[in-house]
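Remarks on the overall topology
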Amino acid sequence: MEALAQSLQHGALLNVALPAQIVIGAVALLVVAAYAGAPLWVWSLLLLGGAWFLGAPLPVCGAFLAAVLILNLRPIRRLLLTSPLVALMRKINLLPQISETEKVALEAGTTWVDGELFSGAPNFQRILKDEIYPQLTSAEQAFLDGPVEQLCQSLNDWKISTEREFPEEVWSLLKKEKFFGLIIPPSYGGLGFSALGHSAVIGKISSRCASVSTTVIVPNSLGPAELLLHYGTEKQKDHYLPRLARGDDIPCFGLTELQAGSDAGSLTSYGEVFRNDKGEVCVRLNWQKRYITLAAVSTVIGLAFRLYDPEKILGDREDLGITCALIPADREGVALGRRHDPLGICFHNCPTEGNNVVISIDEVIGGTEGVGNGWKMLMESLAAGRSVSLPAQATGGAKLCARYIGDYSLARKQFGMSISNFEGIQEPLARVGGFTYMLEAARIFTCGAVDKGAKPSVVSAIVKFQFTETMRKVVNDAMDISGGAGISMGPRNILGRLYQAAPIGITVEGSNILTRSMIIFGQGAIRCHPYAYDEVKALEKNDIAAFDKIFFQHMGFILRNIVRAKVHSFTCGLLASSGGARHSAKYVRKMEWASSIFAVMTDFAMGSYGGQLKVKESITSRFADALSWMYLGTCVIKRFETEKGQAEDRVFFEWAMEHVFHEIQIAFDALYGEIQVPGLTWAFRGPARLWNRAFPIGKPVSFALQRRVARAMTSSPQARERLAQGIYTPSSEKETLGLLNKVVTLMAQSSQPMKKIRKAVRRKELPKKPVTAVLDLAVEKRVVTAEEAALIKQAEELRVESLKVDEFTLEEYRKLGGSLSENSGGEPVSGVSRAI
């Protein structure tokens, strides 16, 4: 051993084989220790053992021992390392400054699978085994098959859009069947559906009429019922919840104002506490709200406002903070009755004003206990609520597009064959199918988290952003494929209103630009990171001992992820864990690879930009992209594994996963090229970026896979049915979707006789004319039977009928949609615009 140590010390390692093997083994040991996340004491032993083994001089050994003691004896470490470090971090503003409103938003939600993705080593064994992928209850399925089906049958989207109002029978059915009480427990007269059941109802209605689905969304989303359930007094619950469930009260919720859109905390609506003539504590309210859905037809208004107490009746503070209250719509001073026109989609979206409206302090949600807690209420409700309604609406729309455009591309023929055979059509067709499969996977998996009691605020932001954006891509592709049939409005047009409505979901509940650039990673980097938020809280409390412990755990975490990222990059993820996946192991390994890179890049960004990271929105947007695509990929894996590798779905699964990793690759490439790390920027922009491109984590979806997806959408009835499962499919041939379904069925049945005719044409037994023009001759020459000719004729006649678009006389055209009053800027009307 002494001879070996001397040879190592004098560089003899280069000349003998055995010491080289030992050094390589030592390096491998260090890599394994780092990869496994070995604790500090293990590293200390390795450091001392290495110094002894190499025969280091006594002063070097002493220095190593001193370093080990400093790092492992916490009181000494805090004095010599941690305290000076904290002082430096505060001096250079390395820590983010978190306001009270930001703190409330951060603490409102919970972490879930998003925390796993931030870890750099997501535990897919736990995700696949323990996380639920829920199913509907029998009561929920019965409601979908009964009242929801009945509602969809009664809806005429074109008529609603042109008359700009719902028929009274629609309102009556919504109330009778308790569509406004989906989330209200049965003990208060509601249906008490799960998040999945609620989502399924919204999705099915959305496939029929976006205006009605939005009308059902609002009472069951962020609004009075949701707030009362969690924060209301028992008296408020007993009074309002049964009335809301029955539809006796129609609710709205007023948050958005002219100066308070994405920055909802900057409300100008205000209330002042005072005592009335009877000595009762009251609040005098003034507000001007806009974009408030259902306001014009509401009977009770949920209102967010800033509350002041100038006489300090309720305590020793004047500014009591954001507060929420319930206000009867017929209260004196309430102004309702006007409407906005959101892109011609005729749900009630309206302004509302209040001028010196007086309410009792008991009408504050939660009573006096709720005063000043409005922001917390809104953030906690939004953390879960954004996970359900808008994703359901987007998924319903995407499924409708997939079902329609799959059938349409078969029925539409050009150059003698269905357009689905053209690769130019197959590419967008594959996107429609792959995206739809992905959205359904994420919808169900996310609802499962909400039903378990999670409030995944970062995930809710991800699904709100990604679902609405993806829905826009899907409907755009469907419009491109359908061509003139997509842009010609009328009763036959299925896509037009979806296309018009797409920007609405992108705008509401936090605009997508804000959500992507500020919320997803802005909150995620603090809330979902294993150590970051705990470090911030420890420093806010000036708890150096707590910070010291967390910080050095964080340093070990960074070292582990750097090594894991390098190992996975060099091996293309082959050494990553498969998490016990039976049908998707390849993609599980790649997801762990992506997570390790993401975790490393996150820590480098936080360490480099410090408190300024949240204003580097071009950087945070790319982190948001990577995180959101990792989450969607996780959902797709969960679905495919839960459904035991469903054969009909494999091409959709593979397309979705290949696209997910391509999007992650794009995000990483942008980060490598733009991130600034003191002293290391060159490494990220040079070697790291080149390696990332040479050995990418994802590539564009192959043309071959696109063709397979397109064929599945057009040639496999089972795949097509599964893709669009849960939407409303009319059986009547008088409706476009019902007619196309009949056409596709007949085309399949007549495919063999059609082949006989084409062969006869090629043999010149029949002239080259439209098929209906040669049927009699084909029967005469016994190419096909009379029954086969009749089947072909029926299929062709219906196919041609299914491709027609609507036409209007000039007089009919002028009347379409009615006309808005020229007096669009007049005064609001006091009271409710109409009884419902």
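Before any of the text, the structure's been laid out above.
Residues numbered from 1 in each chain as written. Predicted model: local features only at pLDDT ≥ 70, side-chain atom pairs only at ≥ 80, totals over all residues. Heavy atoms only, no water.

1. Here we look at the packing of helix α18 (residues 423–451) against helix α27 (residues 650–674)
Note the cut-off: The axes are straight lines fitted to the C-alpha atoms, using for helices just the contacting stretch, and the angles between their N-to-C directions are given from 0 to 180°. Starting at the N terminus, helices and strands are each numbered in turn, a helix being any DSSP run of H or I of at least four residues and a strand any DSSP run of E of at least two. Note on terminology: angles under 35 degrees are roughly parallel, angles over 145 are roughly antiparallel, angles of 65 to 115 are roughly perpendicular, and the others are oblique. Every residue pair with non-hydrogen atoms within 4.5 Å of one another is taken to be in contact. Polarity classes work like this: nonpolar for Ala, Val, Leu, Ile, Met, Phe, Trp, Tyr, Cys and Pro, charged for Asp, Glu, Lys and Arg, and polar for all others, with Gly in that last group.
Between α18 and α27, the least distance of the axes is 8 Å, while the angle of their chain directions is 90 degrees. Considering the angle they form, α18 stands roughly perpendicular to α27. Along the contact surface, α18 presents Ala-430, Arg-431, Gly-433, Gly-434, Phe-435, Tyr-437 and Met-438, while α27 presents Phe-652, Phe-653, Trp-655, Ala-656, His-659 and Val-660. Its residues placed into classes, the contact of α18 with α27 shows nine nonpolar, three polar and one charged.

2. Focus on the side chain of Ser-207
Rule in force here: Accessible area is worked out with a 1.4 Å probe on protein chains only. A residue is then buried under 20% of its type maximum, exposed over 50%, and partly exposed in between. Identification of polar contacts relies on pairs of N or O atoms within 3.5 Å, with a donor-acceptor requirement for protein atoms, meaning one able to donate a hydrogen and the other able to accept it, and with residues adjacent in sequence counted only if both atoms are side-chain atoms.
Take Ser-207: it is sitting in the loop between α12 (195–206) and α13 (210–217). A residue is classified by how much of its surface remains accessible, and Ser-207, at 6% relative accessible area, is buried. Within polar-contact distance, the side chain of Ser-207 engages the backbone oxygen of Lys-204 at 2.6 Å. At a separation of 2.9 Å, a polar atom in the side chain of Ser-207 contacts the main-chain amide nitrogen of Tyr-728. Those residues within four positions of Ser-207 in sequence are excluded, and the remaining contacts are Gly-396, Leu-400, Ile-727 and Tyr-728.

3. Describing the packing of aromatic side chains
Counted only if it meets this: Each pair of aromatic rings taken from Phe, Tyr and Trp, with Trp reduced to its six-membered ring, is defined by centres within 6.5 Å and is described as stacked if the planes are under 30 degrees apart, edge-to-face if over 60, and tilted in the remaining cases.
Counted under the stated rule, the structure contains 25 aromatic pairs. Between Phe-604 and Phe-684, the aromatic rings sit 5.2 Å apart at their centres with planes inclined by 75 degrees, giving edge-to-face as the arrangement. Of this pair, Phe-604 sits in helix α25 (residues 585–609) while Phe-684 sits in helix α28 (residues 681–694), placing them 80 residues apart in sequence. With relative accessibility at 21%, the residue Phe-604 sits in the partly exposed group. Assessed through its relative accessible area of 8%, Phe-684 is described here as buried.

4. A short note on a positive patch on the surface
The criterion, for reference: Patches were defined on residues exceeding 30% relative accessible area and lacking a salt bridge, with like-charge contacts within 9 Å and nonpolar side-chain contacts (Val, Leu, Ile, Met, Phe, Trp, Tyr) within 5 Å. Here the accessible surface of atoms and residues is derived via Shrake-Rupley with a 1.4 Å probe, and residues count as covered only by protein chains that are part of the display. Put simply, a salt bridge is a Lys or Arg side-chain nitrogen that is within 4 Å of an Asp or Glu carboxyl oxygen. For the purpose of counting charges, residues Lys and Arg are taken to be positive, whereas Asp and Glu are taken to be negative. His and the chain ends are not included. By convention, charge coordinates are those of NZ in Lys, CZ in Arg, CG in Asp, or CD in Glu.
Taken together, the side chains of Lys-755, Arg-758, Lys-759 and Arg-762 make up a positively charged region of the molecular surface. For Lys-759, the location among the structural elements is in helix α32 (residues 751–762). Residue classification places Lys-759 among the partly exposed positions, given a relative accessible area of 45%.

5. A short note on empty space enclosed by the protein
Rolled over the atoms, a probe with the dimensions of a water molecule shows which regions are left empty. We apply this condition: Both site types are read off a 1 Å grid over the protein atoms alone. A 1.4 Å probe that fits but cannot get out defines a cavity, while an open set with protein on both sides within 12 Å along at least five of seven lines defines a pocket; lining residues have an atom within 4 Å of a point. Grid points are joined across faces, edges and corners, and a volume is the space filled by probe spheres set on the points.
The final tally for this structure, using the stated rule, is one cavity of 30 Å³ or more. Space inside the largest cavity adds up to approximately 30 Å³. Forming the walls of the largest cavity are Ala-33, Ala-34, Gly-37, Ala-38, Trp-43, Gly-556, Leu-559 and Arg-560. Mapped by element, the contributors of at least two residues to the lining of the largest cavity are α2 (17–36) and α24 (544–571). Counting residues per element, the lining of the largest cavity draws most heavily on α24, at three residues.

6. Some thoughts on the side chain of His-348
Counting through the fold element by element, His-348 comes out in the loop between β6 (334–336) and β7 (349–360). Look past the residues within four positions of His-348 in its chain and what remains in contact with it is Glu-165, Trp-171, Ile-292, Thr-293, Leu-294, Ala-295, Val-297 and Arg-339.

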